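Now for the letters of each chain:
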Amino acid sequence: MIDTIIIRENRINEAADALKKGQLVVFPTETVYGLGADALNPEAVKKIFVAKGRPTDNPLIVHISCREQLIELVEEITPTAEKLMAIFWPGPLTIVMKKSKIVPDVITGGLDTVAIRMPSHPLAMELIRLSGVPVAAPSANISGKPSPTSERHVIEDLKGRVDYILLGGDTEVGLESTVLDISGTKAQILRPGVITYDDIFNVIGELSYDPHLIDENSTPKSPGMKYKHYSPEAEVIIVKGNKKSVKIQEMIDEYTLEHKKVGLMATDNLLNSFDEVIKCSLGNANSIDDVGNKLFRCLRYLDQLKVDVIISESFDKKGFGIAIMNRLEKAAGFHIIDSEEDER
Ligand code: TXA
Ligand code: MG
């Protein structure tokens, strides 16, 4: 056990010093909380994997606060990188580029590329700037749990495992950054996020998804995507189609008969049509950003109530909905019921 010091913005200097000394610091970003260490200190970075229980072949994102830091981490800053940075940084876009020699293997899992992001959260920016080092940081959850989007989540998962936790309220986006690989001849989205295909296409033109995101059987290019993620203790089932209200009621009745405790996560209108069930709101159906913000929070909340089954509404796979469904389908182990088909 490590004696974890929990602080707010007024003590950010201590957290920056801790990073410089090779200690572990949890900090807020605009997407989810991160678990940071000095990216150029391999001993410090190794501690991240231990604290999270993370497989060491899963590479880490390096967080920077200025262009000077980028120059030393990559082989070259290509014209494509320049365009992307000008539009999306600081912000929730991670760019995979050819790495320079100074990036240690523990960061990249031995790959010749490095994933880099300049976060827009003011506390993240300030922490990196004050520490003076690039900060390697995966999401600050125990491996396999949904990424943390609130103060409570990081304390639950990492108190006793890190040196500092810098609190900064709820995160804004609620899902992890879009990961875009521009190290090859054609740019590829490796992990969908709030910065969408169209957003990126409009800036750089040519673009594709990692085939793994479309075909489950192909191997993902982003090593982290192959691991079972976002898996609550409860069984998660997604219900789609126009007859979802009827189907969900049938399922609730059936599980109740089997003495199973059911949790329902859905947008407000749908949620309001059910009574005898534990609920978690995914916000307003007209705001997909709201859904993204609340998704992990609901999974964690229902899990904490020890429900046996979590039933979730489904969302259109367009725009930010693609990222939301990517995380939700993983949480559900691809267990999806179409309410317009007779049997499940
Ligand atoms: O929003 C975020 O990205 C958050 C906050 C803390 O910045 N971080 C985050 O990190 O989600 P993590 O470690 O949970 O996810 C990093 C993803 C993994 O899927 C990993 O495999 C991929 O990025 N990745 C990292 N380096 C890579 C590389 N060189 N090539 C391909 N994929 C890489
Ligand atoms: Mg993660």
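Residues numbered from 1 in each chain as written. Chains lettered and ligands numbered in written order. Predicted model: local features only at pLDDT ≥ 70, side-chain atom pairs only at ≥ 80, totals over all residues. Heavy atoms only, no water.

### Observations concerning the domain arrangement of the protein
Point 1. Assigned domains within the protein: domain 1 (5–213) and domain 2 (235–343).
Point 2. Here the C-alpha centre of domain 2 lies 29 Å away from the C-alpha centre of domain 1.
Point 3. Contacts between the two partners involve 25 residues from domain 1, matched on the other side by 16 residues from domain 2.
Point 4. Together, the buried faces of domain 1 and domain 2 total about 1,600 Å²; carbon and sulfur atoms form 55% of this surface.
Point 5. Per-residue buried area on domain 1 facing domain 2 is highest for Pro146, Leu175 and Pro192; these three make up 34% of the total on that side.
Point 6. Scanning the region where domain 1 abuts domain 2 turns up four salt bridges.
Point 7. Note that glutamate 156 and arginine 300 form a salt bridge whose closest N and O atoms lie 3.7 Å from each other. (Domains from an automatic or database assignment. Contact = heavy atoms within 4.5 Å. Buried area = accessible area lost by both parts, 1.4 Å probe. Salt bridge = Lys/Arg side-chain N within 4 Å of Asp/Glu carboxyl O.)

### Notes on the sheet that holds strand S16 (residues 336–338)
Point 1. Strand order in the open sheet made by the five strands is S14-S13-S15-S12-S16, with parallel pairing throughout. Two strands in the sheet have a free side with no partner beyond their single neighbour: strand S14 (278–281) and S16. Here the average twist between neighbouring strands, direction ignored, is 25°.
Point 2. Looking at chain direction, strand S13 (residues 262–266) and S14 are connected through four bridges and run parallel. The residue bridging glycine 263 from the neighbouring strand is isoleucine 278, located in S14.
Point 3. Lying on the sheet, helix H10 (residues 244–257) is in contact with strand S12 (235–240), S13, strand S15 (309–313) and S16; it crosses S12 at an angle near 150°.
Point 4. Sitting on the sheet, helix H13 (residues 321–331) is in contact with S12, S13, S15 and S16, with an inclination near 130° to S12. (Pairing = 2+ DSSP bridges. Helix = DSSP H or I, 4+ residues; strand = E, 2+ residues; numbered from the N terminus. Axes fitted to C-alpha atoms, helices over the stretch in contact; angles between N-to-C directions.)

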